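Survey of secondary and tertiary structure
Listed here are the chains, written in short residue letters.
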Amino acid sequence: MPTMKYVLFQLGEQLSLVEMPDTHAYQLSALNLRLHKELDKLTAAEVPPLARCIAEFSPSELHERGLPMQSGLDYLEQLERSFKEIPEKSYPLISLLTEIRALLAQLEQWYEEEYEG
């Protein structure tokens, strides 16, 4: 059984969890920090809100089971769709999409190896 971690996100008052393999949780946190760093550089009028990563922890440390949770794959696919739809003309948005897609590809490969191999 693979070891998983939770990444806790906050958007306004709303908290949510993303379940990630422990080997990839840090990458999701780092990606989130990078995206937040670059959001202010976007010139598009319609930029979707981005939750902020506020913690990583193991499942044994989770005391509140009622928080919304999604898999890392679902989260990254949703993130990729939302950034792909930004009508950006000035900032090289492709570099951010490349980072999102790279982590998504790593995670897809991890799941394939872990559960099919």
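A brief report on the enclosed structure follows.

About the criteria used
Residues numbered from 1 in each chain as written. Predicted model: local features only at pLDDT ≥ 70, side-chain atom pairs only at ≥ 80, totals over all residues. Heavy atoms only, no water. Helix = DSSP H or I, 4+ residues; strand = E, 2+ residues; numbered from the N terminus. Rg over C-alpha atoms; globule rule 2.2 N^0.38 Å. Buried < 20%, exposed > 50% of the residue type's maximum accessible area, 1.4 Å probe, protein only. Contact = heavy atoms within 4.5 Å. Areas by Shrake-Rupley, 256 points an atom, 1.4 Å probe, with all protein chains shown as cover. Lys, Arg positive; Asp, Glu negative; His and termini not counted. Charge placed at Lys NZ, Arg CZ, Asp CG, Glu CD. Patch = residues over 30% accessible without salt bridge, like charges linked within 9 Å, V, L, I, M, F, W, Y side chains within 5 Å. Salt bridge = Lys/Arg side-chain N within 4 Å of Asp/Glu carboxyl O. Pairing = 2+ DSSP bridges.

Here we take up the overall build of the protein chain. Along its length, the protein chain carries three helices and four strands. Going from N to C terminus, the protein chain has its helices and strands arranged as β-β-α-β-β-α-α. Radius of gyration (C-alpha) of the protein chain: 15 Å, near the 13 Å computed for a compact globule of 117 residues. Structurally, the protein chain occupies a C-alpha span of about 45 × 35 × 20 Å along its principal axes. The 117 residues of the protein chain split such that 39% are buried. The contacts in the protein chain between residues at least 6 apart in sequence include a share of 68% that link residues at least 24 apart. Just so you have it, the protein chain exposes about 7000 Å², and 50% of that area is on carbon and sulfur atoms. Of the side-chain charges in the protein chain, 10 are positive and 20 negative, and the distance between the mean point of each set is 8 Å.

Attention now goes to the side chain of Ser29. By secondary structure assignment, the location of Ser29 is in helix α1 (residues 25–39). Using a relative accessible area of 7% as the deciding quantity, one classes Ser29 as buried. What Ser29 contacts, discounting residues up to four positions off in sequence, is Val7, Cys53 and Glu56.

A separate point is a negative patch on the surface. Judged by side-chain charge, Asp74, Glu77, Glu108, Glu112, Glu113, Glu114 and Glu116 come together as a negatively charged surface patch. Per element, the largest residue contribution to the negative patch is five residues, and it comes from helix α3 (residues 93–116). Along the chain, the position of Glu116 falls in helix α3. Taking relative accessible area as the criterion, Glu116 reaches 69% and is therefore assigned exposed.

Relative to strand β2 (residues 14–21), strand β1 (residues 4–11) is paired through eight bridges, and the arrangement is antiparallel. Following the sheet pairing, Leu11 is matched in β2 by Gln14. Here β1 hands over to β2 after two residues, with Gly12 in that stretch at a positive phi of 65°. As paired strands, β2 and strand β4 (residues 69–71) are joined by three bridges and run parallel to one another. Residue Leu17 lies in a different strand from β4, and its bridge partner there is Met69.

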